[in-house]
Amino acid sequence: MAFDAEADRLHEECGVFGVYDHPDAAALTALGLHALQHRGQEAAGIVSFDGARFHSERRLGLVGDNFSRREVIERLPGQSAIGHTRYSTTGGTILRNVQPLFAELETGGFAVCHNGNLTNGLTLRRRLIADGAIYQATSDTEVILHLVARSRRNRFTDRFIDALGQVEGGYAFVGMTNKKLIGARDPLGIRPLVIGELGGKYILTSETCALDIIGARFVREVANGEVVVISDQGLESLRPFPPRKLRPCIFEYVYFARPDSIVDGKNVYGLRKQIGATLAAESPVAADVVVPVPDSGVPAAIGFAQQSGIPYELGIIRNHYVGRTFIQPTQSVRELGVRLKHSANRAVVEGRSIVLVDDSIVRGTTSRKIVQMMRDAGAREVHFRIASPPIRYPDYYGIDMPDQDKLLAARMTLDEMKAYLGVDSLAFISIDGLYRALGEPGRDAAQPQYTDHYFTGDYPTPITDLVSESAKQLSLLAEAS
């Protein structure tokens, strides 16, 4: 199997986008998905509605490879559309799992897509199949279709809320009927969702960067536990569930969100620099240059350099034009796999003591190869600084994270990780330091301000499927969400 540096990165499965009553709905959705490409690179889809019929285009591959041609957009007529870009976890990427999913219900057509993971999705799926439901995909998004279809409520919005009341986990849904666009964010706000406006028309999407690309105005975040309904009557906000304290995923700030996005009112780029500055204050080191691991380590490395006074240099150059797969027929070529995407800048590295700054360590395989690449380029010392605490626990809310026994920090002590990676020193930002960088006095153990279970083991919702099944079976649902 070819070595793939991306396999040792964290991935979030999806980005969502929806627009209501705009003449260029499909084209705007395609542009929005371009901006959300970082949230999923394996498949994308758009469903539009033209006032009489729904139209669907779902493709494997990148948004730009599939939705840049005029003829494709022309096959998606109508003034409302929703779209989805997907990163799959385990299993192959197959077309039937590509969202948005669509079904004809008693109330009419319904298209839906979502970012996140339902932690009781398998339990609900089993119950629904035993009740006669027929599934077409291995997707927890399909659970929502069945729950909406089986609801005995009269109005569609009530059916959708009835379905939401039966699910657990972290999610951001965007759905479309023949009369409305609907969005929902989980009660803790684990997964992000925002509202935008363009020429008086409303937009729902995962991140503000998707609004920027089409020149839309950011209106506000969808609140945790809120359901928003957009129709000819405007935007209606519903709060159907008991209020709970906002607890968004802290990794949106560390890694997932695009640096130019605003997440829950916070500028991601500025926060990542502050995380790097806090890391430098907590774990100083004498060195000649600060070197980011591109691209995700760049803002934190800038903050580290500014705080420490150590010059910032591009000691690693990333090749952006290499796909996720590459044929590597021999073992000797496989060993060079990391160099397909990262190359040492010898002029910066040779003979110097360097501080490598990255956002996280997952399995550690890529980090180890990058450290060795620095050694091979002549680095005198390599000090590793990580802009997140050690990842010790798996995620069940929509992050593609390995089983616990494959997480480096779950298997090794700090000294063992240092030896494995081959570095002169290794330090992670503390959990309280991370919270302070985000503007908090520290982590409130009684009521944590963020979802941070991958560091702490403190899961904010029930993990029903984990109790009833093995943890690995959760990947069945994560595959398509």
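Residues numbered from 1 in each chain as written. Predicted model: local features only at pLDDT ≥ 70, side-chain atom pairs only at ≥ 80, totals over all residues. Heavy atoms only, no water.

### Focus on unusual backbone geometry
So, point 1. Residues Gln99 and Pro100 are joined by a peptide bond in cis, for which omega reads 0 degrees.
So, point 2. With respect to the helices and strands, the residue Pro100 is situated in the loop between strand 5 (80-86) and strand 6 (101-105).
So, point 3. With an omega of -5 degrees, the peptide bond between Pro294 and Asp295 qualifies as cis.
So, point 4. We note that Asp21 has phi near 60 degrees; this positive angle belongs to a residue other than glycine.
So, point 5. Relative to the elements of secondary structure, Asp21 occurs in the loop between strand 2 (14-19) and helix 1 (25-35).
So, point 6. Despite not being glycine, Asp264 has its phi angle at roughly 50 degrees, a positive value.
So, point 7. Within the secondary structure, Asp264 is located in the loop between strand 15 (262-263) and strand 16 (266-267).
So, point 8. Asp264 gets classed as buried once you look at its relative accessible area, which sits at 16%. (Helix = DSSP H or I, 4+ residues; strand = E, 2+ residues; numbered from the N terminus. Buried < 20%, exposed > 50% of the residue type's maximum accessible area, 1.4 Å probe, protein only.)

### A word on helix 4 (residues 121-130)
So, point 1. Gly121, Leu122, Leu124, Arg125 and Leu128 are the residues of helix 4 that are buried. Buried residues of helix 4 fall within an arc of 160 degrees about the axis and therefore sit on the same side. (Arc of directions from axis to C-beta.)

### Some remarks on the sheet that holds strand 23 (residues 425-428)
Pairing between the strands of a sheet comes from backbone hydrogen bonds, and it takes one of two forms, parallel or antiparallel.
So, point 1. Strand order in the open sheet made by the four strands is 17-20-21-23, with parallel pairing throughout. Of all strands in the sheet, those bounded by a partner on one side alone are strand 17 (289-292) and strand 23. For this sheet, the mean angle separating the axes of adjacent strands, direction not counted, is 20 degrees.
So, point 2. The pairing of strand 17 with strand 20 (residues 353-358) spans four bridges and is classified as parallel. In the sheet register, Val291 faces strand 20, and the bridge partner there is Leu356.
So, point 3. Those strands touched by helix 10 (residues 298-308) are strand 17, strand 20 and strand 21 (381-386), and its axis lies near 165 degrees from that of strand 17.
So, point 4. Across the sheet, helix 15 (residues 414-421) lies against strand 21 and strand 23, angled at about 125 degrees from strand 23, the strand it touches most. (Pairing = 2+ DSSP bridges. Axes fitted to C-alpha atoms, helices over the stretch in contact; angles between N-to-C directions. Contact = heavy atoms within 4.5 Å.)

### A few points about the sheet that holds strand 4 (residues 54-60)
So, point 1. Spatially, seven strands are ordered 4-3-5-2-11-10-12 in an open sheet, and the strand pairing comes out antiparallel. The sheet terminates laterally at strand 4 and strand 12 (217-221), the two strands that pair on one side only. Taking the axes of each pair of neighbouring strands and ignoring which way they run, one obtains an average angle of 15 degrees across the sheet.
So, point 2. Relative to strand 11 (residues 201-205), strand 10 (residues 194-198) runs antiparallel, the two sharing five bridges. By the bridge assignment, Gly196 is partnered in strand 11 with Ile203.

### Regarding the environment of His146
So, point 1. Here His146 shows up in helix 5 (residues 141-150).
So, point 2. Residue classification places His146 among the buried residues on the basis of a relative accessible area of 13%.
So, point 3. For the pair His146 and Thr107, spaced 39 residues apart in sequence, the C-alpha separation works out to 13 Å.
So, point 4. Ignoring sequence-local partners within four residues, the contact set of His146 consists of Leu128, Ala133, Ile134 and Tyr135.

### Regarding helix 13 (residues 365-376)
So, point 1. Between its terminal C-alpha atoms helix 13 stretches 17 Å, which fits the 16 Å expected from twelve residues at 1.5 Å a residue.
So, point 2. Of all the residues in helix 13, the buried ones are Thr366, Ser367, Ile370, Val371, Met373 and Met374. Down the axis of helix 13, the sector holding all buried residues measures 155 degrees, keeping them to one side.
So, point 3. Buried residues along helix 13 sit in contact with strand 18 (316-318), strand 19 (342-344), helix 12 (346-349), strand 20, strand 21 and helix 15.
So, point 4. One or two steps after helix 13, the chain reaches Gly378, where phi turns positive at roughly 100 degrees. (Expected span 1.5 Å × (residues − 1).)

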